[in-house]
Amino acid sequence: MNSQEKMKTLMQQKKGRRLLLFPLPLQGHITPMLQLANILHSKGFSITIIHTHFNSPNQFNYPQFTFEPISDGLSENDASTIDVLALISLLNSNCVEPFRDCLARLLSEVAEEPFACLITDAVWYFTQAVVDSLKLPRIVIHTTSVCSFLAFAALPLLREKGYLPKQDSEFEAPVLELPPLKVKDIPIIKTRNPEDVYKVTGRIIRETKSASGLIWNSFRELEQPELAKLAQEFPIPSFSFGPFHKHFPASSSSLQEQDQSSISWLNSQAPKAVIYVSFGSVATMDETGFSEVAWGLANSMQPFLWVVRPGLVSGSEWLEPLPNGFLETVGGRGHIVKWSPQQKVLAHPAIGGFWTHSGWNPTLESICEGVPMICSPDFGDQMVNSRYVNDVWKVGLKLEKGLKRGEIERTIRRVMVEKEGEEIRQRMMGLKEEVNLCLKKGGSSYQSLEGLTDYILSL
Ligand code: UDP
């Protein structure tokens, strides 16, 4: 082989080994994207991450990746998750130019070692047009469940059939087109202009259909019928090799400092005695709901570890809306933190249940540790995830009436001390076992990841 041929072979080997990733700057999206970056890096890919200034990932935790910041044009007022759909819409229009410039520069700088593709969050819908113009394939990662994505994809149909806008009197009615969903579970997102829900989700779905591939943080044994339906409705190469965080145990993608006193406090508790309560990084509640949560916890008489994120209660700083007498009533039985090392918490032997807003990351994290859930969804995909947890996988109980202290107290006791909770835990342990198997050599997630690696190299 002469030197020119050697160079050509070297370039072919290198081609396809460089990847560009573009996470959506929200905690629930950054986490799985960085986990994906770690997974692909371990497969021999080099990783460049394009990111906004808003919620930029902590680069010091990832010396193995290259980071490329772009301007997001957000003012201090814009940079808020109070109306998350408005934020998504704004980011998708503000980032077009900076992203295009950054991508064009990166593609020209490394002409001898080209990028195989862009892997972007599906919510960055504007990126399809940009990569088309630069002739770069785009693979999208969906950080939600397949079941909730299918529900979003069905919104236009559900609207046509008259399910939307939701009527209170119809809340408990079944959605015949999407069993086991009820009308109240349809994944609508609260926003200033309700019409934007259809616009934004419509764009996400359309640009998903134009992508060269789909990645899911899910696994076949959990969502087999939904993956089959997806293959029919979206005939695009699709790869589900979750749960991502099981490929790499430690999570360093947290945007906020994790209070380690959560673990020292848990160390002093009895096995499976504690209910862990966290509603994620975006969900909010009003003071009345917060007070119901507090009294529900107090009256359940169970030890609890509660994450009260500053901003959880609209319009307040932190714990001021706690009802009078609450702290005195619970004494040492409760521990409150602003943000926890959640994956470590869920893996702790003292944890017996997880009361969650049913985001997709916490749902998977709970399944991986075999912890039964109590679900109180706030909006969007959480509505669908919680219905599946309650009705399909039967690994948790949904608070069907919202935040009411009586139902909260009863449900905590059903999960933590009654026989029903033990049965739920048994099913959960079965799912946990499925997770372990699917990640092993020959398992569904293992194979799907191999499939993705080959696919990227073939692009
Ligand atoms: N998380 C955490 N500490 C907390 C609460 C959450 O580290 O106190 C992590 C959690 O493990 C999960 C992510 O933050 O991986 C939130 O993901 P989710 O899908 O709930 O998204 P969100 O609803 O917050 O956007």
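Remember, it's a predicted structure, so these values are computed and weren't measured experimentally.

Trainee: Describe in detail the site of the ligand, supporting the description with residues and values.
Mentor: In the vicinity of the ligand, 19 residues are found, and the nearest of them are S281, S340, H357, N361 and E365. Within the contact set of the ligand, an oxygen atom lies 3.2 Å away from a side-chain nitrogen or oxygen of Q258. The separation between an oxygen atom of the ligand and a polar side-chain atom of H357 is 2.8 Å. In isolation the ligand exposes 530 Å². Once the protein is present, 93% of that is buried. Those elements that provide at least two residues to the shell around the ligand are α2 (27–42), β8 (274–278) and α14 (360–369). In terms of residue count, α14 provides more of the shell around the ligand than any other element does, four residues in total. Considering only residue class, the shell around the ligand consists of six nonpolar, 12 polar and one charged.

Trainee: Would you mind going over the nonpolar core in detail, with residue names and values included?
Mentor: Ranked by size, the top nonpolar core spans 93 residues in total, and within it I50, F99, L230 and W393 carry the most contacts. For this core, the leading source of residues is helix α6 (residues 146–153), giving six residues. When near neighbours in sequence (up to four residues on either side) are disregarded, I50 contacts L20, L21, F22, P23, E68, I70, F99, C102, L103 and L106. Grouped together as the second largest cluster of nonpolar side chains are 29 residues, F304, F326, I374 and I424 included.

Trainee: Give me the layout of surface pockets: which residues, what numbers.
Mentor: Put simply, the second largest pocket is a space of about 820 Å³. Around the second largest pocket, the lining comprises 37 residues; the ones closest to its centre are K190, P377, D378, F379 and M383. Sorting the residues of the lining of the second largest pocket by element identifies α8 (195–209) and α11 (287–300) as the ones contributing at least two each. Per-element tally for the lining of the second largest pocket: the top contributor is α11, with three residues. Of the residues that constitute the lining of the second largest pocket, the class distribution is 17 nonpolar, seven polar and 13 charged.

Trainee: Tell me about the environment of A122, residues and numbers included.
Mentor: Mapping A122 onto the fold places it in the loop between β4 (115–121) and α5 (127–134). For A122, a relative accessible area of 3% corresponds to the buried category. Sequence separation of A122 and F149 is 27 residues, and the distance between their C-alpha atoms is 11 Å. Once residues lying within four places of it in the same chain are set aside, the contact partners of A122 are R138, V140, I141, H142, I204 and T208.

Trainee: Mind laying out the pairing of strand β1 (residues 18–22), listing which residues take part and the relevant values?
Mentor: When a strand is regular, its side chains alternate between the sheet's two faces. Within β1, five of the five residues are buried, which leaves the element mostly enclosed by the surrounding structure. Burial along β1 is two-sided: the face carrying R18, L20 and F22 and the face carrying L19 and L21 are both buried. Crossover connection from β1 via α2 to parallel strand β2 (residues 46–52): handedness right-handed. Note that β1 and β4 share five bridges and pair parallel. Bridging across to β4, R18 finds its partner in F115.

Trainee: I'd love a proper account of the packing of aromatic side chains, names of residues and values included.
Mentor: As enumerated under the stated definition, the model contains 19 aromatic pairs in all. Judged by centre distance (6.5 Å) and plane angle (70 degrees), the ring pair of F304 and W306 falls under edge-to-face. Members of the aromatic cluster, joined through ring pairs, are F290, W295, F304, W306 and F326. Positioned over the ring face of Y198 is R159, at 3.8 Å from the centre of the ring. It is K209 that lies over the ring of F234; its NZ or CZ is 4.9 Å from the centre.

Conventions we followed
- Residues numbered from 1 in each chain as written.
- Predicted model: local features only at pLDDT ≥ 70, side-chain atom pairs only at ≥ 80, totals over all residues.
- Heavy atoms only, no water.
- Near = heavy atom within 4 Å.
- Polar contact = N/O pair within 3.5 Å; in protein donor to acceptor, adjacent residues only side chain to side chain.
- Areas by Shrake-Rupley, 256 points an atom, 1.4 Å probe, with all protein chains shown as cover.
- Helix = DSSP H or I, 4+ residues; strand = E, 2+ residues; numbered from the N terminus.
- Nonpolar A, V, L, I, M, F, W, Y, C, P; charged D, E, K, R; others polar.
- Core = buried A, V, L, I, M, F, W, Y, C linked by side-chain atoms within 4.5 Å.
- Buried < 20%, exposed > 50% of the residue type's maximum accessible area, 1.4 Å probe, protein only.
- Contact = heavy atoms within 4.5 Å.
- 1 Å grid on protein atoms, 1.4 Å probe; cavity = no way out; pocket = protein on both sides within 12 Å on 5 of 7 lines; lining within 4 Å.
- Points joined across faces, edges and corners; volume = space filled by probe spheres on them.
- Right-handed = clockwise from strand over helix to strand, strands pointing away.
- Pairing = 2+ DSSP bridges.
- Phe/Tyr/Trp six-rings, centres within 6.5 Å; stacked < 30°, edge-to-face > 60°.
- Lys NZ or Arg CZ within 6 Å of the ring centre and 35° of its normal.

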